[in-house]
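The chain contents come next:
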Amino acid sequence: AYNRIKSRAISFTFDLVSNLVHSEVAITFTMHSTTSVDVALYNISGMRLQTFLKETMPAGNYHDSFSISAILPAGMYFVRMQGGAMAVTRRLVIQ
């Protein structure tokens, strides 16, 4: 379940794995150049519920687990990763 986004300026791979027993989301990504990274959780209406990561990251491989702070009701959510001008959105379903 990888999304690969490539451009001349930046390139990243983004994978999302949820573990709702522990109320966390694991995100794996590779940055091929230094860029600003913004990873956030959104509801179905597009409202940002939680920011997981927002900083400039050097090139490299990253794997982080983030706690979902609020107890979320069942439904569909989205995790969006933006690196520079490129973005990838993955669906997260809580049952």
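In this text the structure is predicted, and so the values were computed from the model without any measurement.

Caption draft 1: Just the overall build of the chain, in detail. What the chain contains, in helices and strands, is zero helices and eight strands. Order of helices (α) and strands (β) in the chain, N terminus to C terminus: β-β-β-β-β-β-β-β. Looking at the chain as a whole, 40% of its 95 residues are labelled buried. A fraction of 51% describes how many contacts in the chain between residues 6 or more apart in sequence connect residues 24 or more apart. Carbon and sulfur atoms provide 51% of the accessible area of the chain, an area that totals close to 5,600 Å².

Caption draft 2: Expanded view of the pattern of salt bridges. For the coordinates displayed, the defined rule picks out one salt bridge. For R48, the salt bridge goes to D38, with nearest N and O atoms at 2.9 Å. Here R48, found in strand 5 (residues 48–57), pairs with D38, found in strand 4 (residues 35–43); they are ten residues apart in sequence, far enough to count as distant. For R48, a relative accessible area of 32% puts it in the partly exposed group. The class of D38 is buried, set by a relative accessible area of 14%.

Caption draft 3: Just the environment of A26, in detail. For A26, the location among the structural elements is in strand 3 (residues 24–31). As for A26 and D64, which are separated by 38 residues in sequence, their C-alpha atoms are 5.7 Å apart.

Caption draft 4: Examining a nonpolar patch on the surface more closely. Together, I44, M76 and V93 give the surface a local cluster of nonpolar side chains, amounting to about 260 Å² of exposed area. Checked against the element boundaries, M76 lands in strand 7 (residues 75–83).

Caption draft 5: Region of the structure containing the sheet that holds strand 8 (residues 86–94). Strand order in the open sheet formed by four strands is 5-4-7-8, and the pairing between neighbours is antiparallel. Two strands in the sheet have a free side with no partner beyond their single neighbour: strand 5 and strand 8. Pairs of neighbouring strands in the sheet enclose a mean axial angle of 15 degrees, with direction left out of account. Where strand 7 meets strand 8, nine bridges bridge the pair, whose relative direction is antiparallel. Along strand 8, the bridge assignment pairs M76 with V93.

Caption draft 6: A look at the pairing of strand 7. Pairing geometry for strand 4 and strand 7, over seven bridges, is antiparallel. Its bridge partner lying in strand 7, A40 is registered against R80. The antiparallel hairpin formed by strand 7 and strand 8 contains two residues in its connecting segment, where G84 sits at a positive phi of about 65 degrees.

Conventions and cut-offs
Residues numbered from 1 in each chain as written. Predicted model: local features only at pLDDT ≥ 70, side-chain atom pairs only at ≥ 80, totals over all residues. Heavy atoms only, no water. Helix = DSSP H or I, 4+ residues; strand = E, 2+ residues; numbered from the N terminus. Buried < 20%, exposed > 50% of the residue type's maximum accessible area, 1.4 Å probe, protein only. Contact = heavy atoms within 4.5 Å. Areas by Shrake-Rupley, 256 points an atom, 1.4 Å probe, with all protein chains shown as cover. Salt bridge = Lys/Arg side-chain N within 4 Å of Asp/Glu carboxyl O. Patch = residues over 30% accessible without salt bridge, like charges linked within 9 Å, V, L, I, M, F, W, Y side chains within 5 Å. Pairing = 2+ DSSP bridges. Axes fitted to C-alpha atoms, helices over the stretch in contact; angles between N-to-C directions.

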